[in-house]
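# Overview (structure and organization)
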Amino acid sequence: MGYDIMFLVYFINMEELMARKLIYEDEYLRCTHVVTPEPDSSVLNACVCDSSLIYYNIQGEKRAVIEGNTYSLHPGDLLIVSKLDAFYVHEDSSDCSEYMICTFSRYIFRHLDPEFSFMEKFDQAISGKANLLRPDKRQTLLFESAFQHIRLVKGTSKLRISYIGLLMMLINEISDSKIAGPLEENTEGRNILAYINENLTVDLSVKNLARQFYMSYSQFYRLFKKLTGMTLSNYITWKRVILARNLIQRNVKVKDALALCGFNDYTTFYKCNYKYLKVPPSYNHTTKDNDPLLQFGFYQISQKA
């Protein structure tokens with residue numbers, strides 16, 4: 001069985017870094033609480049996700065962009081992000097911003113639900129099309145008390161149990177709730193991202209894509225950065241590296257996985273794998289005792305193409 005692995009890429013300033021508190025982390029789970037007293041609206045928190053992520057907005061008005069579609073986030077809103085989705089959050093308000101990010105491997109629930117049917121809302125959602133839960137009064141009280149509790153628990157073993165309980169509650173509420181889509185879909189942007197994700201094996205330079213979609217180089221560059229919060233080069237390389245990693249974990253031969261993901265040779269793949277994941281490709285091979293989800297934490301990458 002191939003296991004989910006999650007890699008997040010955040011572009012953050014030093015003030016945000018100081019306000020970021022890691023609540024809990026092991027090889028399967030991660031929970032982070034972030035408070036920014038004076039958020040900088042020009043800073044983008046961009047990531048590529050290869051596992052399940054729940055973003056809970058506690059305070060501050062925000063805009064979240066998932067694979068090119070924009071969501072307005074109010075205090076109390078909950079955002080779900082599926083694997084391989086690119087997303088970023090833009091802080092609109094000058095007031096204090098506070099949120100929690102929960103990431104997890106479905107592998108931790110394998111004994112409770114071997115078919116992972118409880119993950120349906122994550123697995124069947126079309127990227128960027130159904131990601132927002134606006135809780136009712138009952139859910140608001142439930143979420144607030146649960147997230148407050150997780151921030152106060154002391155002791156590693158108790159904290160892990162509490163966090164798994166929080167995730168099970170959240171996933172249950174998500175599965176029983178109506179998940180909303182964006183207020184307005186960016187059709188042009190969605191078409192561009194769909195084309196890129198369907199053609200990862202071909203030359204996807206800004207020049208060629210701009211010509212494909214009848215834009216100038218600068219027009220395409222600006223639009224893509226707005227759609228994903230990152231450059232085309234970073235977006236494509238992350239997608240290719242993660243897809244190759246997933247295939248290798250599912251026992252696809254390395255040479256076949258590289259060809260399917262647009263890598264011309266092993267040397268190029270090795271360099272990209274090490275640059276973006278900070279580990280050699282040998283870590284892509286999952287053993288019965290190893291689920292490397294979040295084992296290496298967060299990775300900062302250059303915003304330059």
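Let us look at the structure shown here. (Residues numbered from 1 in each chain as written. Predicted model: local features only at pLDDT ≥ 70, side-chain atom pairs only at ≥ 80, totals over all residues. Heavy atoms only, no water.)

### Topic: the overall build of the protein
Under the convention used in this document: Only DSSP runs of H or I covering at least 4 residues are called helices, and only runs of E covering at least 2 are called strands; the numbering of each starts at the N terminus. Throughout, exposure labels follow a simple rule: accessible area from a 1.4 Å probe, protein chains only, divided by the maximum for the residue type, with under 20% read as buried, over 50% as exposed, and the rest as partly exposed. Any pair of residues with heavy atoms lying within 4.5 Å of one another is described as a contacting pair. Using the Shrake-Rupley algorithm and a 1.4 Å probe, accessible areas are obtained, with residue cover drawn only from the displayed protein chains.
What the protein contains, in helices and strands, is 10 helices and 10 strands. Buried positions account for 53% of the 305 residues belonging to the protein. In the protein, the share of contacts with a sequence separation of at least 24, taken over all contacts with a separation of at least 6, comes to 74%. When the accessible surface of the protein is split by element, carbon and sulfur atoms take 52% of a total near 14,400 Å².

### Here's the deal with the pairing of strand E7 (residues 78-81)
Put simply, the rule is: Being paired, for any two strands, means DSSP has found at least two bridges between them.
The alternating pattern of E7 places Leu-78 and Ile-80 on one face and Leu-79 and Val-81 on the opposite face, and all of these are buried. Sheet analysis places E7 next to strand E10 (residues 132-133), joined by two bridges and oriented antiparallel. Looking across to E10, one finds that Leu-78 is bridged to Leu-133.

### Remarks on unusual backbone geometry
The phi torsion at Glu-67 lies on the positive side, around 45°, for a residue other than glycine. Structurally, Glu-67 is set in the loop between strand E5 (62-66) and strand E6 (69-73). The backbone of Leu-84 shows a phi angle near 70°, a positive value even though the residue is not glycine. With respect to the helices and strands, the residue Leu-84 is situated in the loop between E7 and strand E8 (86-91).

### Quick look at the nonpolar core
Rules: Nonpolar cores are built from buried Ala, Val, Leu, Ile, Met, Phe, Trp, Tyr and Cys residues. Side-chain atoms within 4.5 Å join them into one set.
Membership of the largest hydrophobic core comes to 37 residues, with the highest contact counts inside it found for Ile-196, Phe-220, Phe-224, Leu-232, Tyr-235, Ile-236 and Phe-263. For this core, the elements supplying multiple residues, two or more each, are strand E3 (45-48), E8, helix H5 (187-198), helix H6 (206-212), helix H7 (217-228), helix H8 (232-249), helix H9 (254-260) and helix H10 (266-277). By residue number, the principal contributor to this core is H8, which donates eight residues. Beyond its immediate stretch of four places on either side in the chain, Ile-236 contacts Ile-196, Leu-200 and Leu-204. Listed in part, the 34 residues of the second largest apolar core include Ile-150, Leu-166, Met-169 and Ile-174.

### Structural notes on the packing of aromatic side chains
Condition: Centres within 6.5 Å are what make two rings of Phe, Tyr or Trp a pair, Trp counting through its six-membered ring; a difference in plane orientation under 30 degrees is then read as stacked, over 60 as edge-to-face, and the rest as tilted.
As enumerated under the stated definition, the model contains 14 aromatic pairs in all. Ring geometry for Phe-109 against Phe-118: centres 5.0 Å apart, planes inclined by 80°, an arrangement best described as edge-to-face. Phe-109 gets classed as buried once you look at its relative accessible area, which sits at 3%. A ring pair is formed by Phe-263 and Phe-269, whose centres lie 5.1 Å apart and whose planes are at 70°; its orientation type is edge-to-face.

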